[in-house]
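The primary structure of each chain is shown beneath.
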Amino acid sequence: MAQAGPGHAQQSSGLTGKVATAAGAAIEFATVTLHRAADSTVVKSEFSDNKGVFHFEQAPAGSYLVSAAQVGFVRTWTLITVSGTEDITIPTLTMKESAATALKEVTVVGKKPLFERQADRTVVNVEGSTLAAGNTSLDVLARSPGVTVDGNDNIGLRGRQGVLVLIDGKRQPMTGSELADYLRALPADQLKSIELITNPPAKYDAQGGAGIIAINLKKDQRVGTNGTANASYGQGRYGKFTTGVSLNHRALKTNTFGSYTYANRENFGALTIHRDFFSPTETGKAFIGSTDQDNFSKGHSESHSWKAGIDYNLSERTVLGAVANGLQVKAVQAGTNFTDPRDAQGQLIRSYNSTNDRDASFPNYAGNLNLKHTFVDSLGKRELTADADYAHYDTRRLQYLNTYFDRVRAERFDRLNGDQQGSLTIQSVKADYTHPLSKQTKMELGGKVSWVHSDNDVVFSIPFLDPTTQQRDLNTLVRDPNRSNRFRYDENINAAYVNFNHTLPKWTLQAGLRAEQTNAEGKQDVEQVGVASGFSRNYYQLFPSAAIKHTLTDKHEMDLTLSRRIDRPGYGQLNPFRSYIDATTYGAGNPNLLPQTSYNIELTHTYRQKYSAGLSYSRTTNPIVSTVQPENATSRIVVSTSQNLSAQHYFALTLTAPLEPVKWWSVYNNVVVYYSRYVGTLAGTTLGAKNARPAFSLSSNSTFTFGKGWSAELNGSYQSRELSSFFNSNPNGQVTAGIQKSLWDRKATLKLNMTDIFYTSPLHATSTYTNYIERFYQRGDSRVATLSFSYRFGNDKLAPSRRRSGGAEDEKRRAGGGA
């Protein structure tokens, strides 16, 4: 047993060791895993280098099992105790050669759990999950602990919206439905893991008041030439097919990798709406009429996603890398709408029917150049990283909206065609430096500069109106100056940060400060008035962060984190162009939208490094909320947009309990109980305590290991009734199950799963304002059975991984409808 020096009960220590044969020869690329001694739960994994050496950074005090595994050797174990801040050298892990029968056992034991609770985040290990096969990234994300996706496709974390989504360290330029559509086009088979970070330190962009969701894609770490091929087919109401291949060639100084995935998916969306309209009176309000609507749309999308890159070791301590990736989506949608408008007495005015056909493509590509250099001296390891990023996103969308009298389409009385052409370019450079000031103190500092340019031009065409007869010609369309517009947006953000980490006996302290200068300019060409209008905003803000960790005993820990964060509007949220859903509903951006800022504090107690209970509070200024409102006081046309309120108060209790009832069954349970209250007034509706109520979300995931290559997963989630700003959502949830079998010496895997087995995910909700009430029922193709097959070929020998975070993370999430 390796023992740290006495008198230094818990803080973080670095662990270093070596893996060797019985003859003393180094074993390179061995998988070395750190387990909690209490229950063998995986804490983290690393790989030995070409000298057999491995290193774990920042292991909290406690007892651990360290295991080493490599093809051709029997797994070996050792027990260590960490009880100080000094680095620990683990005795050499000696491995004996094994027969093929022992190799299979080693592979099974080394599998990571689906969920891991780490010091500052929850990790969902998607790779290998039965429930991920054939699904989309949004499907897997929505089943992650504490993650919600509402009826408008807004992604929330622990009951709060305003998350920063990173993919391979790069921020996605999207919000709301645009981000959701992107994740629907990204197959879950490409994912390695998802990290849920609720209070990030100053090193991260200040964007994301609710936290960060970091999605990491797979990257083959085997030596030599190897790859993986997979295919899946799912059947709900409509079919969904996905196939792909990844290739990797790792030599002494270079690692070249690439992947390609094709997806062909059909879906449907159904929406039933009842709307009540009111007008103000001296004594209150008067009911003036209602509408009933049935909407149905069938969508078909084809996507091609690819990634290629190379890492080159210039020297033992310097690595240069380049990565390029792209995603091209072609989507068509055919929608129908039936509307029955009624007067105040409930009498039918006249029914009408609309068809809404869309044809869209979204090609995008991105590139990254990165450099990493490591310095080593008596104080430890210093590290310098630098990134340069470029990304370009295009939107090409055609829309054809035809409206008819009566449900039988006997007479067409209106046409509206839309043609949107949009582009978004993001460029950024950043550098990060880590420097140990002493054995107990580490400093991190860095800077980043980003530039964004968005240009969207939308042209709407309507029937020609004869000025003499005042009759409209439905067969001749002309440009509509009231709806057409061009919106250009330029943004520059300059940021710098410094962060300090200091360890003491039983204490870990962290403090950081990030400064960001934002320069933004929007310009709108409005044909209706013939002049350009826009805005210019320049602001400088500081974002402090701090964390304190205290070890009470060997079983109890307390963590306190504080931070200030910001959520800038997505580029599409600022863009005022219209996107018509049907003849009476359209979505539009709001160029007057302001950023929201928040102060966040969280206190967490952890028991036995497994069970945790956390209390958190956030106060947000100018919170951004989604709204649906009549176009004006007398109109029955409804606009979906985003607006600012005055403030939001958020309280939450988060409980996490991983259990292992029996050796072959492990369960990860997560509960979030929260209360969110908005303050502000919109459209004559004032929000207060009566517009808020406590809510909770539950998730539980069971993993079963049966032996002989068989395993299964069962996931259940439940969201209680939720009252958030103007929206009151009924309870919903879903149950998902899957089973898998390993074949051919674990080189192949056959998986079968079914999502939303009882079809309980459809959403019932009500949106209430003084002058307008909307009740809707929304559902889609969520109950799907999927069969998938994957095959790994080539060398099975693993090598150390290198994960890159580019510099354009923050900007890429916000592009939204602007791209």
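The following refers to the structure shown. (Residues numbered from 1 in each chain as written. Predicted model: local features only at pLDDT ≥ 70, side-chain atom pairs only at ≥ 80, totals over all residues. Heavy atoms only, no water.)

**Overview of the overall build of the protein chain**
Within the protein chain, the secondary structure is distributed over five helices and 50 strands. Once local pairs closer than 6 in sequence are excluded, the contacts in the protein chain between residues at least 24 apart make up 68%. (Helix = DSSP H or I, 4+ residues; strand = E, 2+ residues; numbered from the N terminus. Contact = heavy atoms within 4.5 Å.)

**Some thoughts on the pattern of salt bridges**
Scanning all chains against the criterion turns up 19 salt bridges. We note a salt bridge from D781 to K240, for which the minimum N-O separation is 2.8 Å. Taken together, the positions of D781 in the loop between strand 49 (772-780) and strand 50 (784-794) and K240 in strand 20 (residues 239-250) put the pair 541 residues apart, joining distant regions of the chain. Per residue, the accessibility class of D781 equals that of K240, and both read buried. R775 serves as the salt-bridge partner of D276, at 3.1 Å between the closest nitrogen and oxygen. You can see D276 sitting in strand 21 (residues 254-281) and its partner R775 sitting in strand 49, a full 499 residues away along the chain. Sharing partners across several salt bridges, the network here consists of D205, K448, R514, E516 and R568. (Salt bridge = Lys/Arg side-chain N within 4 Å of Asp/Glu carboxyl O. Buried < 20%, exposed > 50% of the residue type's maximum accessible area, 1.4 Å probe, protein only.)

**Let's talk about the side chain of D582**
Its location among the elements puts D582 in strand 33 (residues 578-582). For the buried residue D582, which engages in no salt bridge, the nearest side chain bearing the opposite charge is R275, 5.1 Å off. A distance of 2.8 Å separates the side chain of D582 from the backbone nitrogen of T584, its partner in a polar contact. (Lys, Arg positive; Asp, Glu negative; His and termini not counted. Polar contact = N/O pair within 3.5 Å; in protein donor to acceptor, adjacent residues only side chain to side chain.)

**So, unusual backbone geometry**
Of note in the backbone geometry, Q470 takes a positive phi value of approximately 60° without being a glycine. Looking at where Q470 falls in the secondary structure, it is placed in the loop between strand 27 (441-465) and strand 28 (472-479). Residue classification places Q470 among the exposed positions, given a relative accessible area of 51%. For K506, which is not a glycine, the phi torsion comes out positive at approximately 70°. In this structure, K506 sits in the loop between strand 29 (485-504) and strand 30 (507-526). You can call K506 partly exposed: its relative accessible area is 33%.

**Side note on the environment of E195**
As for its position among the elements, E195 is in strand 17 (residues 191-197). Given the relative accessible area of 8%, E195 is considered buried. Taking the C-alpha atoms as reference, E195 lies 9.5 Å from L166; in sequence the two are 29 residues apart.

**Focus on the nonpolar core**
Residues I155, L183, I194, I213 and I215 are the most contacted members of the largest nonpolar core, which totals 26 residues. Looking at this core, the elements that each hand over two or more residues are helix 2 (137-142), strand 13 (155-157), strand 15 (163-167), helix 3 (176-185), strand 17, strand 18 (211-217) and strand 23 (318-343). Top element by residues in this core is helix 3. It accounts for four residues. The residues contacting I155, other than those within four sequence positions of it, are L138, L141, V147, T148, V149, R160, Q161, G162, V163, L179, L183 and I213. (Core = buried A, V, L, I, M, F, W, Y, C linked by side-chain atoms within 4.5 Å.)

**Digging into the packing of aromatic side chains**
Counted by the stated rule, this structure contains 22 aromatic pairs. Relative to Y772, the ring of F277 has its centre 5.4 Å away and its plane inclined at 50°; by these criteria the two rings are tilted. Pair noted here: F277 is in strand 21 and Y772 is in strand 49, with a separation of 495 residues, a long-range link. Judged on exposure class, the residue F277 and its partner Y772 are both buried. Each member of the aromatic cluster is reached from another via a ring pair, and the members are F277, F726, Y769 and Y772. One residue, R237, lies across the ring of F268, its end atom 4.1 Å from the ring centre. (Phe/Tyr/Trp six-rings, centres within 6.5 Å; stacked < 30°, edge-to-face > 60°. Lys NZ or Arg CZ within 6 Å of the ring centre and 35° of its normal.)

**Quick look at the pairing of strand 22 (residues 284-315)**
Where strand 21 and strand 22 come together, 28 bridges link them in antiparallel fashion. Following the sheet pairing, E266 is matched in strand 22 by H300. As consecutive antiparallel partners, strand 21 and strand 22 are separated by two residues. Hairpin remark: strand 22 followed by strand 23, antiparallel, with two residues in the connecting loop. (Pairing = 2+ DSSP bridges.)

**Overview of the sheet that holds strand 14 (residues 160-161)**
Sheet architecture is open: three strands sit in the order 12-13-14, paired in antiparallel fashion. With one partner strand each, in any of the chains shown, strand 12 (147-149) and strand 14 form the two edges of the open sheet. The pairing of strand 13 with strand 14 spans two bridges and is antiparallel. Along strand 14, the bridge assignment pairs G156 with Q161.

**Some points on the sheet that holds strand 38 (residues 638-644)**
Overall, mixed pairing links the four strands, which are arranged 33-34-38-37 in an open sheet. Each end of this open sheet is capped by a strand with a single partner; those strands are strand 33 and strand 37 (624-630). When the angles between neighbouring strand axes are averaged without regard to direction, this sheet yields 30°. Looking at chain direction, strand 33 and strand 34 (residues 585-588) are connected through four bridges and run antiparallel. The partner of R578 across the bridge, within strand 34, is A588. (Axes fitted to C-alpha atoms, helices over the stretch in contact; angles between N-to-C directions.)

**What about the side chain of T518?**
Looking at where T518 falls in the secondary structure, it is placed in strand 30. Look at T518 and you get buried, because its relative accessible area is 1%. Here the side chain of T518 touches R568 through a polar contact of 3.2 Å, side chain to side chain. Not counting residues up to four positions away in its chain, the partners in contact with T518 are N492, I493, R537, N538, Y539 and R568.

**Remarks on a nonpolar patch on the surface**
Together, V662, W664, F706, W710, I739, W744, L750, L752, L787, F789 and Y791 line one region of the surface with nonpolar side chains, adding up to about 1,000 Å² of accessible area. Listed by contribution, the elements that provide at least two residues to the nonpolar patch are strand 47 (748-755) and strand 50. Sorting elements by how many residues they give to the nonpolar patch places strand 50 first, with three residues. Within the secondary structure, W710 sits in strand 43 (residues 710-719). (Patch = residues over 30% accessible without salt bridge, like charges linked within 9 Å, V, L, I, M, F, W, Y side chains within 5 Å. Areas by Shrake-Rupley, 256 points an atom, 1.4 Å probe, with all protein chains shown as cover.)

**Observations concerning the environment of K555**
With respect to the helices and strands, the residue K555 is situated in the loop between strand 31 (531-551) and strand 32 (556-567). Overall, the relative accessible area of 41% leaves K555 in the partly exposed class. Measuring from C-alpha to C-alpha, the distance between K555 and T606 comes to 7.9 Å, with 51 residues separating the pair along the chain. Here K555 is in contact with T606, Y607 and R608, once residues within four sequence places are set aside.

**Observations concerning the pairing of strand 42 (residues 695-707)**
Summarising the sheet, strand 40 (residues 665-682) and strand 42 pair through ten bridges and their orientation is antiparallel. Pairing of N669 across the sheet is with S700, part of strand 42. Pairing geometry for strand 42 and strand 43, over ten bridges, is antiparallel. Bridge pairing links S700 to G716 in strand 43. Joining the antiparallel neighbours strand 42 and strand 43 is a turn of two residues, in which K708 adopts a positive phi near 55°.

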